[in-house]
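Structural characterization, general
Here's the letter readout for the chains.
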Amino acid sequence: MYPIYMCPATAHKAWGTRHPILKYLEEEMAEQDGPLHMYVPGDIIIGGLFPVHLQTNRTTMPGNAHCMRYDVQMFLRSQVMTFAIQEINQRTPKVLPNLTIGYDIYDTCGDVTFAIRATFGLLKDKFNSCFQPGDSNSTVPEPHAKVVIGERYSEVSVAVARILTLSSVAQISYGSTSELLSKKRKFPTFLRTLSSDTYQTKAIAKLVEKFNWKIVSVVGSDDEYGKYGSEQLIDIFTEMDICIDFKKILPGDFSVDESKAHDKLEELMGLLRNSTAEAIILFTKGANVDVIMKAAIQNNLSRIWIGSDSWSTSTRIAEIKGIYKVGQVFGFISKRNEVPGFKDYVTSMFQGTTNPFLEQYLSYYPRCNSSEKNSKNNCSLTKSQHGSKQCLDPRCLVNYIDQDESYNIYVAVKVIAEGLRQLLKCDSEKCGRNATFTALELFQEIKKVNFTVDTTHIFFDDNGDPSIGYDIVNWDMTESKVDIKTIGEYWPSGKIKLPDDLISKMCNVTETTMNCSKSCALGHELRKPENGCCKKCVPCHETSFSPGKGVKCEPCRNWEYPSPEKDKCLNKTLDFLKWWDPFAIVLSFFEIVGIVITILVTVLFAVHRNTPIVKAVGGYLSFLELFSLLACFCITFTFTAKPSTASCVAGLPLFGILFTLCISCILANLLQILVCFRFDQRKSAWLKRLNRPVAVVAVIFCAQLILCVLWLYYRPPIPKEVYHAKTILLQCEKGSKEFFGVMLGYNALLAFACFLFAFHGKLLPDLYKNASFITISMLLYLVIWIVFIPIYISMVGKYTRAIEAAAVLVSNYSILCCHLAPKCYIMLFRKEINSEQAITEYIRKHCEQKGIAVVKS
């Protein structure tokens with residue numbers, strides 16, 4: 001089956017009878033209030049589609065439809081096209097020498113069906129015939145209209161573009177902004193003189209961002225304009241993390257179907273009353289906005305509204321009674337400019353010309369006579385009802401001339417003239433070829449134009465879209481009038497320009513009219529509830545901060561803590577046992593005293609090294625014992641100041657090794673005493689085998705040495721940072737707790753062995769009470785470390801290191817004071833007993849007391 005193309009005027013000739021669809025279209029157009037048609041012949045015909053009536057009374061039931069809601073602005077826009085064409089035809093020097101441009105203009109009434117009918121009329125050829133059914137080799141007749149300007153609404157333009165594509169006729173729209181029309185695979189001949197909704201939605205989103213609005217609502221409509229625009233806005237806002245309070249898509253016939261509109265309008269008003277949005281975006285046709293605004297006035301809804309280009313400069317909506325009550329209105333419109341000379345043309349009552357469009361206008365709004373010219377209401381239109389007969393002075397009519405769509409129409413005519421000039425190779429005197437050309441040829445030339453109209457540089461990209469920005473308007477409303485002012489600009493590059501004072505005013509709002517927080521004090525963040533968009537200020541967590549203005553609370557880093565106001569993070573203070581700490585000063589004092597005493601004891605022992613008392617303490621082993629004590633006193637300094645790897649390693653591990661050396665010397669000395677004075681021959685035999693002081697010390701010391709080397713190799717103590725609220729505690733991590741426990745246990749075991757040997761040695765003849773003092777010192781050592789362990793485990797803070805140092809010092813002093821100091825006292829103050837004779841006499845008396853026979857010399 002092959003496609004059949006036809007025009008309404010001749011289709012019945014092809015079929016023999018009128019086709020049912022064409023019959024329906026003709027009936028639709030035959031009504032008294034049907035679409036207007038204006039034709040002026042010329043060598044080249046430009047078609048025009050204008051919704052001079054904004055809508056029809058079409059319902060869901062089939063039947064005849066009437067055009068409704070006559071719009072003065074759209075009438076004036078249709079006259080812009082005739083004015084621009086007249087200007088080209090009458091211009092000197094000629095743009096197209098020896099050629100005139102005619103026009104064929106239809107009123108579409110904003111209705112797809114009427115627009116399709118009008119498009120068929122534009123596609124008729126010069127013999128008043130159109131598409132004939134035929135085989136696959138038949139060609140489409142060349143239409144008499146080589147290019148079409150229109151339509152205004154995207155939904156209508158989509159239908160028109162599909163038909164015009166069949167004849168490769170260029171379509172230049174002055175108001176259709178739907179992104180869908182940029183798809184060249186579907187609409188290859190569609191062009192426009194204003195930016196697409198791709199840029200408009202970005203412009204709206206940029207305004208929302210610039211004014212620091214965080215909650216918006218979007219109202220669209222179920223048509224090519226409102227549907228695609230609102231969906232794109234939702235996508236952009238989602239990416240920008242702007243909360244959408246609600247999205248409402250109105251039916252396509254919202255403003256026509258009163259029964260359906262009533263229910264939907266009530267639903268929309270309910271949403272608006274309960275909405276927490278800072279701005280309501282109305283991305284739909286002006287006819288729908290008209291209904292919404294009237295309902296908003298009745299419901300006393302005062303909000304901030306953002307208008308799309310379909311209604312943001314609509315005088316019809318601006319003239320609604322009580323419109324000032326709805327709140328603030330911002331809007332976007334294609335870059336505005338004044339059509340040169342058009343105001344004078346209108347004031348002169350169109351220079352005396354006449355056409356069907358003008359005649360119908362005069363039937364609605366006749367010229368005012370002299371008695372009516374001073375009427376204060378002459379410049380304000382009442383409801384556009386047929387037969388109202390309200391007079392309107394031409395000087396007032398210029399108030400309804402817009403600077404956006406009118407200028408877009410003017411630019412479209414200039415673009416066509418430039419395309420014709422290039423196609424026909426015209427200069428100021430003649431054209432290089434005649435007016436016989438195809439619509440496709442003209443389309444290809446128009447698409448290549450790149451020139452300037454007044455101050456507007458116009459060219460088309462691959463999608464047929466110009467690189468033209470938007471003007472941002474604001475409705476300055478009072479009870480008496482509405483003044484639509486341009487307050488800023490937006491360019492397709494993404495740059496936006498707005499008054500600084502307005503931006504500051506909008507951005508400094510801390511709480512919306514719906515009691516939603518927009519900005520917060522220092523240390524608070526904006527938090528959105530699980531359901532809804534209304535954010536509230538919530539204090540930051542004790543470890544987080546926020547610089548205010550609703551910025552999300554962020555946690556401070558490990559080495560930082562929030563300021564008292566929680567507006568910033570401060571560096572934590574390093575906390576460790578410093579030299580000037582009172583506890584550290586006390587420790588240092590005892591460390592120095594211990595070192596001095598140990599050195600003095602060593603000197604004293606060296607001076608009396610040949611005396612019996614030094615030999616009784618162990619002789620040369622006593623110097624090894626003193627060396628280990630001196631080293632233990634020295635390493636206690638590593639427990640103070642900032643921990644480092646070296647100080648951690650030199651702390652407890654080295655103490656364990658050195659103190660083992662000290663205890664092993666004491667143990668070896670005790671074994672010597674027991675061997676010498678043990679009279680039980682059976683037990684003394686195995687004690688004699690142990691009486692190898694050097695071997696005993698070496699074995700005991702090497703065992704601890706190996707243990708600590710393994711500790712340092714596998715899991716050594718290392719500096720560690722422990723983070724507290726406002727401080728960083730620097731301490732030594734023990735590494736392996738197992739090795740640490742075994743090291744302490746090993747020394748405790750040695751101390752306990754010494755304690756047992758010393759306790760048994762108290763029964764032996766000991767002039768210097770060596771065993772008794774060792775018993776006390778070992779007991780002290782064991783008690784100290786038994787007490788130390790629970791304190792050490794439970795204590796947290798810088799004084800943990802101080803407790804370690806104190807335990808080491810007390811251990812050292814227990815040996816120094818209880819074991820070695822009494823010997824020094826004898827050397828200095830009891831010299832009489834520091835002799836072999838005194839020892840011999842003491843042993844003799846001890847044996848006599850025990851009943852042991854003594855050999856006298």
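Our structure is the block above this text.
Residues numbered from 1 in each chain as written. Predicted model: local features only at pLDDT ≥ 70, side-chain atom pairs only at ≥ 80, totals over all residues. Heavy atoms only, no water.

A few words now on the side chain of Asp 111. Within the fold, Asp 111 resides in the loop between β5 (101-107) and α4 (112-122). Judged by relative accessible area, Asp 111 falls into the buried class, the value being 9%. Polar contacts involving the side chain of Asp 111 include one to the main-chain amide nitrogen of Phe 114, which spans 3.1 Å. If we skip the residues at most four places from it in the chain, Asp 111 touches Thr 56, Arg 58 and Val 156. (Helix = DSSP H or I, 4+ residues; strand = E, 2+ residues; numbered from the N terminus. Buried < 20%, exposed > 50% of the residue type's maximum accessible area, 1.4 Å probe, protein only. Polar contact = N/O pair within 3.5 Å; in protein donor to acceptor, adjacent residues only side chain to side chain. Contact = heavy atoms within 4.5 Å.)

We now examine the sheet that holds strand β7 (residues 170-173). One open sheet holds the six strands; their spatial order is β1-β5-β2-β6-β7-β8, and the pairing between them is mixed. Either end of the sheet is taken by a strand with one partner, and the two such strands are β1 (37-40) and β8 (190-192). When strand polarity is set aside, the average angle formed by the axes of neighbouring strands in this sheet is 20°. Across four bridges, β1 lies against β5 in antiparallel orientation. The partner of His 37 across the bridge, within β5, is Tyr 106. Contacts from helix α12 (residues 356-364) reach β1 and β5, with the element oriented near 140° to β1. Where helix α14 (residues 405-423) meets the sheet, its contacts fall on β2 (44-50), β5, β6 (145-149) and β7, and the angle it forms with β6 comes to roughly 155°. (Pairing = 2+ DSSP bridges. Axes fitted to C-alpha atoms, helices over the stretch in contact; angles between N-to-C directions.)

Phe 75, Leu 76, Met 81, Phe 350, Tyr 361, Val 415 and Ile 446 are the most contacted members of the largest nonpolar core, which has 88 residues in total. Ranked by residue count, the leading element in this core is α14, at eleven residues. Membership of the second largest hydrophobic core comes to 68 residues, among which are Leu 577, Cys 708, Ile 784 and Leu 820. (Core = buried A, V, L, I, M, F, W, Y, C linked by side-chain atoms within 4.5 Å.)

The full count for this structure, using the stated rule, is 26 salt bridges. Note that Glu 418 is salt-bridged to Arg 421, the shortest N-O span being 3.1 Å. Here Arg 421 and Glu 418 lie together in helix α14, a separation of three residues that amounts to about one turn. Since its relative accessible area comes to 29%, Arg 421 is described here as partly exposed. For Lys 734, the salt bridge identified is with Glu 804, shortest N-O distance 2.7 Å. Residue Lys 734 is found in the loop between β27 (727-733) and α24 (737-761), and its partner Glu 804 is found in helix α26 (residues 799-829); the two are separated by 70 residues along the sequence. For the pair Lys 734 and Glu 804, a shared accessibility class is recorded, and that class is buried. Within the structure, one salt-bridge network assembled from shared partners comprises Arg 77, Arg 152, Asp 402, Asp 404 and Glu 405. (Salt bridge = Lys/Arg side-chain N within 4 Å of Asp/Glu carboxyl O.)

Ordered by their spatial adjacency, eight strands build an open sheet running β10-β9-β11-β12-β13-β16-β17-β18, and the pairing between neighbours is mixed. With one partner strand each, in any of the chains shown, β10 (243-250) and β18 (496-497) form the two edges of the open sheet. Docked against the sheet, helix α7 (residues 224-239) engages β9 (215-221), β10 and β11 (279-282), running at close to 160° with respect to β9.

Below, the discussion takes up the pairing of β27. Summarising burial for β27: five of the seven residues are buried, a large majority. Sheet analysis places strand β25 (residues 573-575) next to β27, joined by three bridges and oriented parallel. Across the sheet, residue Leu 574 finds its bridge partner in β27, namely Ile 728. Across six bridges, strand β26 (residues 718-723) lies against β27 in antiparallel orientation. From the neighbouring strand, Tyr 723 faces β27, where its bridge partner is Ile 728. Turn length for the β26-β27 hairpin, with the two strands adjacent in sequence and antiparallel, is three residues.

On to a nonpolar patch on the surface. On the surface, Ile 706, Leu 710, Tyr 713 and Tyr 714 cluster together into a nonpolar patch covering about 490 Å² of accessible area. Structurally, Tyr 714 is set in helix α23 (residues 693-714). The exposed category is assigned to Tyr 714, whose relative accessible area is 56%. (Patch = residues over 30% accessible without salt bridge, like charges linked within 9 Å, V, L, I, M, F, W, Y side chains within 5 Å. Areas by Shrake-Rupley, 256 points an atom, 1.4 Å probe, with all protein chains shown as cover.)

What follows concerns unusual backbone geometry. The residue after Gly 150, namely Glu 151, is reached through a cis peptide bond having omega -5°. As for its placement among the helices and strands, Glu 151 is situated in the loop between β6 and α5 (154-164). In the Ramachandran plot, Arg 69 falls in the positive-phi region, its phi being about 60° despite a non-glycine side chain. Here Arg 69 shows up in strand β4 (residues 67-70). Positive phi outside glycine occurs at Asp 241, with the angle close to 60°.

By the secondary structure assignment, Thr 189 is in the loop between β7 and β8. With relative accessibility at 6%, the residue Thr 189 sits in the buried group. One polar contact links the side chain of Thr 189 to the main-chain carbonyl oxygen of Val 169, over a distance of 3.0 Å.

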